[in-house]
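Below, each chain spelled out in residue letters.
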Amino acid sequence: MSGRIVVAGATGYVGRHVVEALDLRGYRVRALVRSRDRAEAMGAFGAPSLRGHVAEWRIVDYTDSSTLMDTCEGADRVVSALGVTRQNASPWDIDFLGNLRLLEDAERHGAASFLYVNVLHAESGTSVTMRSKHAFSETLRRSRVAAQIVNPSGYFSDVTDFLLMARRGFGFTLGDGAAKINPIHGADLAEFIVEHLGEPSMSWDVGGPDILSYRELEELAFRVAARRQRILRIRPAILRPLQWAADRSSPRLSNLTRFFLESLKVDAVGTPTGERRIEPFLRAVH
Ligand SMILES: NC(=O)c1ccc[n+]([C@@H]2O[C@H](COP(=O)([O-])OP(=O)(O)OC[C@H]3O[C@@H](n4cnc5c(N)ncnc54)[C@H](OP(=O)(O)O)[C@@H]3O)[C@@H](O)[C@H]2O)c1
């Protein structure tokens, strides 16, 4: 398959891998970025530079409506890995409204499909992040374009936080840390996305090849860090006061606390996909 693909969130961990994978398969990529200089530098967590992988650049900021017109003009398909993770912005403005503006543009210009990188369990989360992502997925399902929704477990990029804590000699689990997760490498997720681009409306739950409990993830992080294991067990009883305090602090802290505490409670396991294993990735993190 070939064609012109618009990629939103192209400078992110997943977006960079998606752009590279599309280019290597012969697609013509239009990357929507806030900064071309930043896009052409190496990404965080080993994600590639976009230099040489992009046919057309568009400078787009989803908080500035003057930059959003006609980003999908002439495009065959759209892939969006746009979202707020570490950025200081409202998830509602970006994950929901930003993606909505992009979808409206895709519909206006007759794109055949819109693939959205969502997250597992968005439908049951109560954080603004989860509500925004779920609201957009539901909107996308009702769209005129083919709606492809990918629900990943965590990413390798985020698991590095466990390693950073272990290097400082500290880790924690919620209760006994029995909830399970199968984090996926950005390149494996990108390959999955590119392989499924031509399919009709559908959604997929996707994770990596290693299924681990949070407790096992902590133990792995300490092994890789070569530090003596000190894992604090957070008692579920303190979650409510913790959230109460965060809710009175700032909207950002309130949202992040809710997002992380809810994530630690439930299994987030998607269909195991790809070959890349978590331990060698963590060992290579500097
Ligand atoms: N991290 C995880 O473990 C995980 C798990 C499941 C699902 N997800 C979801 O997967 C998606 C991609 O995650 P990721 O880790 O690759 O995120 P990321 O590295 O933070 O990338 C997010 C992308 O969105 C862009 N963006 C944010 N605000 C923007 C704005 N105002 N205007 C234009 N672009 C903006 C970022 O641009 P800049 O580079 O300019 O900031 C970046 O390209 C997100 O929607 C995330 O919620 C993440």
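Residue numbers here run from 1 along each chain, matching the order of that chain's written sequence. Confidence filtering applies because this is a predicted model: local features only for residues at pLDDT of at least 70, side-chain atom pairs given and counted only at 80 or more, and all residues used for totals across whole chains, interfaces and linings. Hydrogens and water molecules were not included; the side-chain quantities draw on all heavy atoms of the structure.

A.B. asks: Outline the UniProt feature "domain: NAD(P)-binding" (unreviewed entry) in the protein chain, supporting the account with residue identities and numerical values.
C.D. replies: UniProt positions are given in the numbering used here, feature names are shortened, and annotations may be inferred rather than shown by experiment. With numbering matched to this structure, UniProt assigns "domain: NAD(P)-binding" (unreviewed entry) to residues 9–199. Secondary structure elements follow DSSP: runs of H or I no shorter than four residues count as helices, runs of E no shorter than two count as strands, and numbering proceeds from the N terminus. The distance from the first to the last C-alpha atom of residues 9–199 is 21 Å, and the span holds 37% helix and 17% strand.

A.B. asks: Tell me about the site of the ligand, residues and numbers included.
C.D. replies: We define proximity as follows: a residue is near a molecule or strand when any one of its heavy atoms falls within 4 Å of that partner. Close to the ligand lie 27 residues, the nearest being Thr11, Arg34, Thr85, Lys133 and Tyr155. Between Thr11 and the ligand, the recorded distance is 2.7 Å, taken from a side-chain N or O atom to an oxygen atom. Polar contact criterion, stated in full: a pair of N or O atoms within 3.5 Å, where within protein one must be able to donate a hydrogen and the other to accept it, and residues adjacent in sequence count only if both atoms are side-chain atoms. At a separation of 3.0 Å, an oxygen atom of the ligand approaches a polar side-chain atom of Gln87. Here the accessible surface of atoms and residues is derived via Shrake-Rupley with a 1.4 Å probe, and residues count as covered only by protein chains that are part of the display. Protein coverage of the free-state accessible area of the ligand, which is 900 Å², stands at 91%. Under the scheme applied, nonpolar residues are Ala, Val, Leu, Ile, Met, Phe, Trp, Tyr, Cys and Pro; charged residues are Asp, Glu, Lys and Arg; polar residues are all the others, including Gly. Along the lines of polarity and charge, the residues of the shell around the ligand split into 12 nonpolar, 10 polar and five charged.

A.B. asks: How would you summarise the side chain of Ser213 if you had to cite specific residues and measurements?
C.D. replies: If you trace the backbone, Ser213 turns up in strand β10 (residues 212–213). Using a 1.4 Å probe on the protein chains alone, a residue whose accessible area is under 20% of its type maximum counts as buried, one over 50% counts as exposed, and one in between counts as partly exposed. Ser213 sits in the buried class, given a relative accessible area of 8%. Only heavy atoms enter the contact rule, under which two residues are in contact if any of them lie within 4.5 Å. Residues within four places of Ser213 in sequence aside, it is in contact with Gly177, Ala178, Ala179 and Lys180.

A.B. asks: Could you give me a rundown of unusual backbone geometry, with the residues and numbers involved?
C.D. replies: Despite not being glycine, His121 shows a phi value in the positive range, around 70°. Within the fold, His121 resides in the loop between β5 (113–117) and α4 (128–141). Look at Ala226: it is not a glycine, yet its phi comes out positive at around 55°. Its location among the elements puts Ala226 in the loop between α7 (214–225) and β11 (231–234). Taking relative accessible area as the criterion, Ala226 reaches 67% and is therefore assigned exposed.

A.B. asks: Hey, could you go over the packing of aromatic side chains for me, with residue numbers and the actual values?
C.D. replies: The pairing test for Phe, Tyr and Trp rings, Trp by its six-membered ring, is centres within 6.5 Å, and the orientation test on the planes gives stacked under 30 degrees, edge-to-face over 60, and tilted for anything in between. Here the structure, examined in full by the defined rule, presents 10 aromatic pairs. For the pair Tyr13 and Phe45, a centre-to-centre distance of 6.3 Å together with 85° between the ring planes defines the contact as edge-to-face. Of the two residues, Tyr13 sits in helix α1 (residues 13–24) while Phe45 sits in the loop between α2 (36–40) and β3 (56–59), which places them 32 residues apart along the sequence. Tyr13 sits in the buried class, given a relative accessible area of 10%. Assessed through its relative accessible area of 31%, Phe45 is described here as partly exposed. An angle of 55° between the planes, with centres 5.6 Å apart, marks the rings of Phe114 and Phe136 as tilted. Of this pair, Phe114 sits in strand β5 while Phe136 sits in helix α4; the two residues are 22 residues apart in sequence, bridging distant segments of the chain. Taken together, Tyr13, Phe45 and Tyr155 form an aromatic cluster joined through their ring pairs.

A.B. asks: Requested: an account of the pattern of salt bridges, with residues and values cited.
C.D. replies: Put simply, a salt bridge is a Lys or Arg side-chain nitrogen that is within 4 Å of an Asp or Glu carboxyl oxygen. By the definition in use, this model includes 19 salt bridges. Linking Arg28 and Glu56 is a salt bridge whose minimum nitrogen-to-oxygen distance equals 3.5 Å. You can see Arg28 sitting in strand β2 (residues 28–33) and its partner Glu56 sitting in strand β3, a full 28 residues away along the chain. The salt bridge partner of Lys133 is Asp95, with a shortest N-O separation of 2.8 Å. Separated by 38 residues along the polypeptide, Lys133 in helix α4 and Asp95 in helix α3 (residues 91–108) bring together distant segments of the chain. A single network of salt bridges, built from pairs that share partners, joins Arg4, Arg28, Arg30 and Glu56.

A.B. asks: Can you explain the sheet that holds strand β12 (residues 271–272)? Please cite residues and give values.
C.D. replies: When DSSP locates at least two bridges between a pair of strands, those strands are taken to pair. Here eight strands make up an open sheet; going across it, the order is β3-β2-β1-β4-β5-β6-β9-β12 and the pairing parallel. At either margin of the open sheet sits one strand with a lone partner, and together these are β3 and β12. Direction of pairing for strand β1 (residues 4–8) relative to strand β4 (residues 77–80): parallel, over a ladder of four bridges. Bridging across to β4, Val6 finds its partner in Val78. In this analysis an axis means a line fitted to C-alpha atoms, helices contributing only their contacting stretch, and an angle means the value between N-to-C directions, from 0 to 180 degrees. The strands touched by α1 are β1, β2 and β4; relative to β1, the strand with the most contacts, the crossing angle is about 170°. On the sheet, α4 packs against β5, β6 (146–152) and β9 (202–207) and is oriented at approximately 165° with respect to β5.

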